[in-house]
Each structure stands twice: as C-alpha cells, then as structure tokens.
Amino acid sequence: MTAPSWDFSFVYQGLSDRAITADLTQSQDLLNTLKNHPTSSIEDCQHALSLFDQITNLLLSVANYASCLSSVDATDDQAKALVIKCDVLFSSLSQAFSPFESLLAASDEAFFDSVLAGSDESGSYQRHAFRLSRLRHQQIYRLSVPEEQLLSAMQVDGKNAWGRLYDDITGTLKVTLVMESGKEEIMGLSQAASLLYGNDSERREPAWRAIRHAMGQQDITFAAILNAIAGNRLTEYEKRSHTLPLYFLAPALESSRIEQKTLDTMMGVAKQSQALGRRAAKAMATLFGTSTLTPWDELAAMPALNNGEENTPSATYSFEEAIVIIRRAFSAVNPEMADFVDMMVRENLIDAAAQPNKSMGAYCTKIPKTRTPLVFMTWGNSMSDVLTLAHELGHAFHNWVMKDMPFVETQYPMTLAETASIFAENVVRDALLEEAKSEQDTLLMLWEEAQTAVALLLNIPVRFEFERAFYEKRQQGELTPSQLRTLMADTWKGWYGDAMSEPNDLFWATKLHFSIAEISFYNYPYLFGYLFSTGVYARREAKGSAFYEDYKALLKDTGRMTAEDVAKKHLGVDIQDSEFWLESIAIAEKRISAFEAVLATRQH
C-alpha cells in the first residue's frame, strides 16, 4: 500500500459540485434571516442559536473541504478562493450573531436560563450552556455591537490575509539542496522539511540549510507577517481594555480553557525539568557521534547503529506497515479503536502521499455535515512518521467518539485536544517497546521517547518564551528580522544550553505556528497535552477493563468543560498544583534514564 490520498466523494464530488453551491446558497439565505432577526425576546435568541448552528455546520463543511484541497496543493487557486469566500461568510456570521451574543452575555440569570431551557429539532439549547457561560465570563471585555461587527469585518482582509500570505509563500516555495559533492537538488519546501524527519543522513543537513536559506531570503516578508498579526491582536486587546486591562496572553488562555495559574504552574515545572530535556538531547547526540545535538538531527529518525564491523541500517516503514503497527497497538486498548483505524483506511480519510506543492506539517480536521474525521501528513517512511500518523489518528478518534454529540459541544480547546493524540503515541510506543526483539528495537522506541522529551520540554518552552517576549516588545513597535533572529537565538540558548550545537535563529519564520492568524500562542498546549496525557495514560493499568469507557467519557467532556474541571472530574487532581505535573515529569524521567542506560551498555 502506497501512502494514500483523500477521497472526498462522501461529501463533495469536486470544487464544481453543485452541492457546494447549494450549501453556500443555503448558508447565505440563513444568514440573511439572522441579519434581519429581532433581538429582544427569549424566542428571538433561541431561533438565533438554531440558525447559528445550521450556518456553522454548512460553512465549516465547505471551508474545511476547501482548506484540505489547498493543503494538498498550495497552487490550487480555486480551492484558495473558496477558502476566502468561506472566511468572508464566517465574518458575516460573526457580525450577524454579535447582537445576540451581546444580549446573552449581559442578560440577567433568569433570561439566560430561560433561553437555554428551550429546545429545537437538534435538542435542548443546553448544548450551548458551556460556550455561552464562557462568553458571559468574558463580558467585561466586549465592545459595542457595531464595534464587534467592525472587528469581524476587518479580519478577512487584515489579520487573516497575512496568515494566508504565509501559507501561499511556504506552499509554493522551492528550495535547493546542495550536497557535499556539489550536486544540487530542487524540491518543494514541505518535501525538504519531510527529510528532516527521516534517516537520509546525506540530505538532512543540506535540507535544513536549504530551508534556512530560502526562508532567510524572505525574512523581511515573514517579519512583516509576524508583526502585522501581532500588531492586529494588540490593537484589538487595547480597545477591549475599556474597563480592565486585557493581558495579551488572556485570549489564548480563554481559548485553551485554562487559568493563568495553571499555565504558570506547568511552565514552572518545565523550567525545573530543563536539565531532563538537555539530557535527552545529549543522549540522542551520542548516536550521531557528536557531543551535542545539531538542529538538523533534532527531528531525525534514529541513525544506523554500529554493531561491530558493519552498521545496522535505520529501519524504514511503509504506510501499510505503519497501519499494522498502529492498529495492533490500538486494539490492545480496545478492539473498537482498531476498527476505527480500519475505517479511516478503508474510506480513504488519510492523505499522506508526497506532493510537490503540499503544505508542511500534519493535522486532523473534520467535515461537520457527516462528522467525518480527516488526517493530513506527508509520509517519509520513518518511525517518526509512524508516530505522527498515530498522533493524528488519536485526534481523529477523539472526533469520532464525539460524533453523536451536539456539534457545539465538540469544540474542544488545544490543551485538551492533545490528550487523545499523545495518548495514541504512548500506546504505540509502549506496544513496540514490549514487542522489541533486539537491542535495536528497544533503543528505537527509547529514542522516540527521548526525541519527544526534547520537543516538549525544550522546543515548546522556547516557542512560548519567544512569543511572550515578542509580544512584550511588539507593544513598543515592530521588530526587524535581525531583532527577531536575536530574540529567537537568545531564547533557544536559554533552554537548550550546551545540548545543541547552534541555535535555530530563523525558527520564528520556519515554524508556521507563529503565523497562524486564528490562534496565538500555538505552543504551550502541546506541553500541556504531553504531560496531561501522560497522567491519563498512567492510569490505564490501574483501571484495567474500566479504563476504555472512562477514557471515552473524558474525551467527550473536553468540549463542555474547562481543563481544570476535566482533570478534577476524571483524574481527581488539581492541575494548578505542581504535584500532578511533577508526576508526569517523573514518568518521562524514567524513560530517559532507560534510554541512557541502554546507551551506556553499548558503550561498554
């Protein structure tokens, strides 16, 4: 089985499908009804909620479909045009619903409770209780209805346009690899990036340097994108600070559904554990024959082992082999999870084929109309790809578990979104570790544990501290490419220390997360997910046969509770206390120690 591509026939037959036109036309008709709807009574609010749900379902189905096509081929102008069209309609939806949001945010308890007490054909309006309660909680930062509408209208050609520009540039950018022999090879950016995850030691450093060179040539543009998106947010936050100051981290915390104290506690534990991440990086470096890790080896597959006179080659994995591995590991949790993997493959809901204009990265999304999950990545035949696929299938399973719930209750935050994905990685890693038949098999799994520790305990904190420092400085004015490079380099050195040979001072440009228009601080939720999921996974053995249903119940609550409440209800822990985070760090420390022990045995 070669790496597959998506089959969207379950929803649309192509960009010219009349079903797309029908969905957009219906969305517009419903939008017109919402725009002209009175905004005074309980019944008005209830009808508006029903319209909001219908429009969201239709628009998001078309938008996600178009976005998927654009990810596969960044030169698909028709798909990109459809993405923009949906963005405009979403802006119109936000504007049309704004009067109802303001009314529900400021209304007294009796009015609010009466709205939620009703029902429509989709069920009780209680499905909106959590989302609207959070809205009421943030009411102090709301602007007037006309101001809220103006902000929504301006995002399409403002902040969102800058994010699209980043995607357009990186999706079509070509890079030139220069080999040690002098031979040159031209490829797409995402193809070069996939080499960083593989075991091609001859092309990995050239790929890293080619990406760095190509992105560096456009650093003025990437700096402009970063400055514009951040400046847009900071201006909005200033306007919202009409009663109380709105700290630039507050919207991200609200989106993540965690409190500032939770973030501070977690990052404090990460700082205490900095040495553990450095130990993992140095242990990885020994297999490359270096004293410190290089930036082009940080994401790589484990190198070939030197067993006496000849090297044992690095393992490679076909897509089919990866599915067998993941399915077997998922089945050990519950056969239902294995059946889910079969369904994803059978229905062609995974796009992993390499394409010249394919976007970088991996993600999971869904088509709301059918509740169908979709996985996107670029297959590179490494163990890292196996775990990336497991990670994204974990996200997809999370969506699948929630398929029969009201759609508004399935909108979980990034912090809790990483629970199922990292849980899936842990399941696969542990399964392969148990099945290990040789030292190389054991070392390979421990390598993946060490690599994860470096990514989550060093790289993610670098992203967070850089972005926080950038926003602090951005309040005083725009930063030049040189200033951004210096800030990134200093932050990088502060976390990696002597564990890496050189800082990746262009990481602010090469990492797309910094230039996503819709979400700020797209970083600390990964650390949260890593440590939180480790805590969830640690309870698997103790709960035995009861674990699976408890696990699904936890996943279902992620869209209707704060992270603190989910932790309290399902794990019985207070995540504002460092004890929970330290327990997860202790589990990670055991894995790193095991890796170091195997390496020490080899050296002797």
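Our subject in this report is the structure included herewith. (Residues numbered from 1 in each chain as written. Predicted model: local features only at pLDDT ≥ 70, side-chain atom pairs only at ≥ 80, totals over all residues. Heavy atoms only, no water.)

1. Examining the environment of A153
Consideration 1: Looking at where A153 falls in the secondary structure, it is placed in helix α6 (residues 145-155).
Consideration 2: With 331 residues separating them in the primary sequence, A153 and L484 have C-alpha atoms 30 Å apart. (Helix = DSSP H or I, 4+ residues; strand = E, 2+ residues; numbered from the N terminus.)

2. Observations concerning the sheet that holds strand β9 (residues 372-376)
Consideration 1: In space, the three strands of this open sheet follow the order β7-β9-β8, with mixed pairing throughout. Either end of the sheet is taken by a strand with one partner, and the two such strands are β7 (350-351) and β8 (363-367).
Consideration 2: Bridging between β7 and β9 involves two bridges; their strand directions are parallel. When the sheet's bridge partners are listed, D351 is paired in β9 with F376.
Consideration 3: In the packing of helix α2 (residues 42-72) onto the sheet, the strands contacted are β7, β8 and β9, and the crossing angle to β8 comes to about 145°. (Pairing = 2+ DSSP bridges. Contact = heavy atoms within 4.5 Å. Axes fitted to C-alpha atoms, helices over the stretch in contact; angles between N-to-C directions.)

3. Overview of the pattern of salt bridges
Consideration 1: Applying the stated criterion to the full structure yields 37 salt bridges.
Consideration 2: Residue K358 pairs with D351 through a salt bridge whose shortest N-O separation is 2.9 Å.
Consideration 3: The class for K358 is buried, based on a relative accessible area of 1%.
Consideration 4: A residue is classified by how much of its surface remains accessible, and D351, at 2% relative accessible area, is buried.
Consideration 5: We note a salt bridge from E549 to K552, for which the minimum N-O separation is 3.7 Å. With a gap of three residues between them, E549 and K552 both fall in helix α23 (residues 547-557), about one helical turn apart.
Consideration 6: Owing to a relative accessible area of 49%, E549 belongs among the partly exposed residues under this scheme.
Consideration 7: Judged by relative accessible area, K552 falls into the buried class, the value being 13%.
Consideration 8: Several salt bridges share partner residues, and in doing so they unite R212, D219, R485 and D505 into one network. (Salt bridge = Lys/Arg side-chain N within 4 Å of Asp/Glu carboxyl O. Buried < 20%, exposed > 50% of the residue type's maximum accessible area, 1.4 Å probe, protein only.)

4. Notes on the layout of surface pockets
Consideration 1: Of the volumes computed, that of the second largest pocket is approximately 500 Å³.
Consideration 2: Along the walls of the second largest pocket sit 20 residues, with D430, E434, Y537, R540 and R591 positioned nearest its centre.
Consideration 3: Breaking the lining of the second largest pocket down by element, the ones donating at least two residues are α14 (319-333), α17 (414-435), α18 (439-474), α21 (524-537), α22 (540-543) and α25 (578-603).
Consideration 4: Residue contributions to the lining of the second largest pocket peak at six residues, all from α17.
Consideration 5: When the residues that make up the lining of the second largest pocket are grouped by side-chain class, the tally is 10 nonpolar, one polar and nine charged. (1 Å grid on protein atoms, 1.4 Å probe; cavity = no way out; pocket = protein on both sides within 12 Å on 5 of 7 lines; lining within 4 Å. Points joined across faces, edges and corners; volume = space filled by probe spheres on them. Nonpolar A, V, L, I, M, F, W, Y, C, P; charged D, E, K, R; others polar.)

5. As for the nonpolar core
Consideration 1: Residues L389, W508, Y524, L527 and F595 are the most contacted members of the largest nonpolar core, which totals 201 residues.
Consideration 2: At 18 residues, the largest contribution of residues to this core is made by α18.
Consideration 3: With residues near it in sequence (within four places) discarded, Y524 still touches L249, A252, L253, S256, I258, L263, M266, T415, I460 and F464. (Core = buried A, V, L, I, M, F, W, Y, C linked by side-chain atoms within 4.5 Å.)

Note that every value here comes from positions in space, so none of it alone points to a role or purpose.
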